[in-house]
Structure formats: structure tokens, C-alpha cells
Amino acid sequence: MNPTLKEVYSLVLTQWPLVAGAYALLWAGMVIYVGMALKRLGGLGKQLEVLEAAVARRQGAE
Amino acid sequence: MLRKDIVMELRTKEMIMSMGLYSLLTMVVYFVALSQAGSSFDPRDIAAGLLWLAFIFTSMLGLNRSLVHEKDQGCLEALLLSPVDRPVIFFAKAGGNLIFLLAVEALTLPVFGFLFLQGTELDWSSLALIPLALIAGSVGIAGVGTLLATMSVNTSGKDFVLAMLFIPLMYPLLLGAVTATGGAIVGGAQGVSVFWTGMAWVLGYDVIMLLASYGLYEFIVGA
Amino acid sequence: MIALVLGGVLTLGAFFGAFFWAGVPDFGFVRTAEQVDSVRYKGPFEQPIDEARYLANYAGYTVEVETGGESVRGELVSADEDSVEVATDSGAVTIDAADFEAATVFGSEYGRPDWGQKIFYFHVPVAEISFIVFAFAAFYAVRFLMTRNREYDTKGRVSMEVTLVFVGLTMATGILWTKAAWGVWWDWEPRLTTYFILTLLVVAYFVLRNSVEDEERRAVYGAVFSILAFIDVPISFFITRLIPSNHPVIERGGLEGPMLISFIVAQIGMIALGYAIYQLRMGEVQLQERIEQAKTLLER
């Protein structure tokens, strides 16, 4: 690359991995957090269904 | 209440002895820590920081012990049953802690000067301002510290929890106090103006935090 | 759920806008002798010089030297304290420093694009949201202390968790931006320090909660501490305006066009995402409570 252009874009050349890292962190963080929360929510929902069915049976038997 | 604390202290001298010795030991550690630097630095620059470092950690020790005592003896529960206003308990405890802290500071300051500030030029007129900074800073430390220690004594972490809560909250106060004390130690017209800037920070912090602690204390004590 | 999709779409949109649409601001400039084909060309520049030795850095540039009432124009070959050598059309001319009066250097100027500024589109919204959610947490804490209603304690706790997420994101993006803009990973300047203290305070909140066994006491202590910790938020926010600091402060009307729109879209997107995360956690907490209730019913 023309040395002048290299100097002009010098900041970009050093900064782009950091910017990419920041965005990747943001996205990964959000996606992973939301994904885990949704998974836990699903698991808890199933647990609740089972328990409430048991409670209903217990109350039906009484 | 305050009288009870002071009388108990005068009998056992436990608090002042332990806090005072702790402060002294910190000085020894300072000496070792700075031994490699030789004489290439100006001790006046770091004196303020070192002093307040010692005071903060000594105060945490004192706060912990004063409230552990209360808890062990069951004093706090007895007090709550009596017709004493909750905020009064706050002032009494904080006042006691403040007096102990000030006593220790009054002892430490000359010792520090004797050990580390030998042979440096000192501006005695501005040094007289240091007690102002010490008092203002200690008021903040004692007030917020009493509130936090009352909480931390009831946790399973005790002194760790106190440190975790205390140090971040103390940061603005510490910054102001070190600035002010540093300005007073350096002296001269500029030092004095720096001193008053720092004092503004410290006093502002004191007002806000003491009001908050005073207002929130009854919730803590009741829980 | 809607908030989640909305937030996701908006942040995605802002992301594309920021990268492909918004321009890149300049951070300093580069000067050269000859014009190079470049998008960043800002125009020609002229630099007046008083003393011969200052010309030393400009070898290769077109200069016009005034000496003895005349102007000599050409390409600068070399310059030092004693003499200046210029290559004109009619050959090399050496000018003695004693005869030197003034000179002007001509060249091209280019702006250096600051790619790191792209982080700003998300760093600022994330930081703002962290403050706002903290405010909500403090509000719920106050309401809890006033009414002793357990619901407010739960709301306060979940708000603090969301605050923790956003504070963590702000610190991470902030550290990366510090490296991109100033070349160091950390600097003890007012805004960074007070925000770091804020991080410690939010972590301390959870340390406190986890170390108290009694439910009621845990709630009260947590509420009291979150109110105390909230005092650091306005300090952290306003400190760049009170103490001179390196941290960029945005004045009104500093942005325009595609940059402004991308920024606003990112802000709204983040608000939506913050709300979505809060609702997710609340839903989880509520499900857990119902499960506990069902379990106790079954055990009877």
C-alpha cells in the first residue's frame, strides 16, 4: 500500500480488531445471556407443569 | 449511650490500644514498602495518601470491633427495647467511633511526621489546616462506617463484607481528603487553594452521606 | 417478547447503519507532499515557516522561499541551520541561512479516519441504560423500605441484576475503546475511576445479599445499600463536566445525519433490550416462586 495511505489509515489498521472485539462481545453477551435465560425459562416451565399436574391430581383425589 | 461507650473504653483501653498499635504497624509496613525507593522521592508528595490509607484501614478495624462487641453482648437488642429514638443510637455509635478514630489519628500524625518527614521543609502555617481535613474526613468515615458496620456485623462475611461495602462508597471522600491533606502538607498559596477544593468535596460528601445514613439507619437497626 | 424482537431488530439496524452508512470522523491528520488518490483528501495546505531550520522536516515538499526580495519556488532537497537547498526548474539553488527571510510549504492534507469511534454507537447507549436501570433499582428500594412489600424487593433485585449486565458491557466496551482511542487499556481518569467504583458497588450489593441468611434482613440491607450506592451514579455521570477529563463529552448538536440516526436507533434498541432482559429475569423469578409454592403444596 502506498506509504501515505498507510499512514492515513493507520488508526483504522490498529483499531479494527478492537472494534470488532467490542461488537462481538456485545452481541455474544446479549445472545448468550438471552439464550440461557430462555432455556432456563423453558426448563422451569416444564417443571411447573409437572408439579401443577401432581397438585391437581392430589386435589382431585381428595 | 456515648458515655457508656467512653467509660467502657477508658476501663479497658481496648479500642484505642488496638487501633493505635494497628496504625503503628502500618507505619512499619510503609517503611519496608518504601525502603527500595531510597531518598529519591519527596515524602511530602505521598504523605497524604499514606496517612489516609492507614486511617481507612484502622477505622475499618475499629468499626468492626465496636459493633462486634455490641452484638456479642446483646446490647443492641436491649437498646431497641428501651424507649430510645432509633436515630439517637446512630449518633451515639457514630460519635463513639468518631472519637476513637480522631484519638488514633491525633497519635498517628506526629508519629508519621517523625518517622517519614524528617529533614523536609514544612510550612507550619498550612500544616495547621490538616486537623480540619482529618476531622471532616473522619466524620464521613465514622458516619457511613457505622451504618455499614451495623449491617456487616450481621452477615457471614463480617470484615470482608465491610471492606467490600465501605471502600467503594468511601472513594469520593478519600479523594477529597487526600487532596486536602496533600495540599496542606505541600503548603504555599497553591497548596492552600488545593486544600480548600478538597475540603469542599469532603464537606459535600459528608452532608449528603450523613443525611442518607441518618435516614436509613432505623431500617437497618430494626431488621 | 415483543421488546426482545424489537430490541434485536433495532440494534441490528443500528449496527448496520453505524458501519455502512455513517461516516467516519477524523482523528488528526496526515500531510504529504504529493497528492495521493484518497477518499480522505481534505485539501491543500500552506504552512508558513520563519526559520530555516524548521524546514528540515519538509524535504520533498514544494516550498517557496523568500530571500533578498525574491521568491524561489521548487522542491525542497534539504534544509538545516546553515543553508537551504531547493531544486527549481532551472537547477538546484542553495540559499544561505543568513539570507533566509520566510518560506511557505505546500502540500496535501488528509484526515485520518477514526475507526474506533464506531464503538461509541453502542458504548454510550449501554452506559446510559446502566444508569437508568440503576435508578429504577434505587426507586424500587425506596418503595420497598416504605411499604415492606416483598414484590418491590424482587423488582429491585432483578433491576440490579440487569444493571450488572449493562455495567459489565459498558466496562468491556469502554476498555476496548480506551485501547483503540488512547492506546492504553486503562487510565485512572475521573470518569473511568468513578464508573469502576460503580461496578464495585453493584458487585458489593450481591456480595451483601448473598452473605445474609435471614430473608427479611437480606431485603432491607439490600435496599439500603442500593440507595447508598445510587449516590455514585450522578457523580459518575456529571464528573466529566466538573473535572477536566479526557473522556469525550457530547454537546448537543454534535452529531448529524446518518451518525445521529444510527445513534438514536441504537439507543432505542438498547432500551428495548434492557426492558426485555428485565422481563425475562422477572418471568424466571416468578416461575421459581410458583414452583416453590407447588412444592410446598405437595409436601403437605
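Report on the accompanying structure. (Residues numbered from 1 in each chain as written. Chains lettered and ligands numbered in written order. Predicted model: local features only at pLDDT ≥ 70, side-chain atom pairs only at ≥ 80, totals over all residues.)

**Quick word on the environment of Ala-33 of chain B**
Working step 1: Considering the arrangement of structural elements, one finds Ala-33 of chain B in helix 2 (residues 14-34).
Working step 2: Separated by 83 residues in sequence, Ala-33 of chain B and Phe-116 of chain B have C-alpha atoms that sit 13 Å apart. (Helix = DSSP H or I, 4+ residues; strand = E, 2+ residues; numbered from the N terminus.)

**Re the nonpolar core**
Working step 1: Counting residues in each nonpolar core, the largest one holds 122 residues, and the members touching the most others are Ala-133 and Leu-165 of chain B together with Val-224 of chain C.
Working step 2: Considering each element in turn, this core owes the most residues, 15 residues, to helix 8 (residues 159-186) of chain B.
Working step 3: Judged by nonpolar contacts, the second largest core, of 12 residues, contains Leu-55, Leu-76, Ala-79 and Val-86 of chain C. (Core = buried A, V, L, I, M, F, W, Y, C linked by C-beta atoms within 7 Å. Buried ≥ 20, exposed ≤ 12 C-beta atoms within 10 Å, placed from the backbone.)

**Re helix 2 of chain B**
Residue and element names in this part refer to chain B.
Working step 1: With 21 residues, helix 2 should reach 30 Å at 1.5 Å per residue; the first-to-last C-alpha distance of 30 Å fits that figure.
Working step 2: Among the residues making up helix 2, those that are buried are Met-15, Met-19, Ser-23 and Thr-26. Seen along its axis, helix 2 keeps its buried residues to an arc of 60°; they face one direction. Away from the buried face of helix 2 by more than 90 degrees, exposed residues Met-17, Leu-21, Leu-25, Val-28, Phe-31 and Val-32 are located. (Expected span 1.5 Å × (residues − 1). Arc of directions from axis to C-beta.)

**Notes on helix 8 of chain B**
Residue and element names in this part refer to chain B.
Working step 1: A rise of 1.5 Å per residue sets the reference length of helix 8, with its 28 residues, at 40 Å; its end C-alpha atoms lie only 35 Å apart and thus fall more than 12% short of the reference.
Working step 2: Along helix 8, the largest kink reaches about 55° and is centred on Tyr-171; proline Pro-172 follows within four residues of it.
Working step 3: Positive backbone phi, at 80°, marks Gly-187, one or two positions downstream of helix 8. (Bend = angle between axes of the 7 residues up to and from the residue.)

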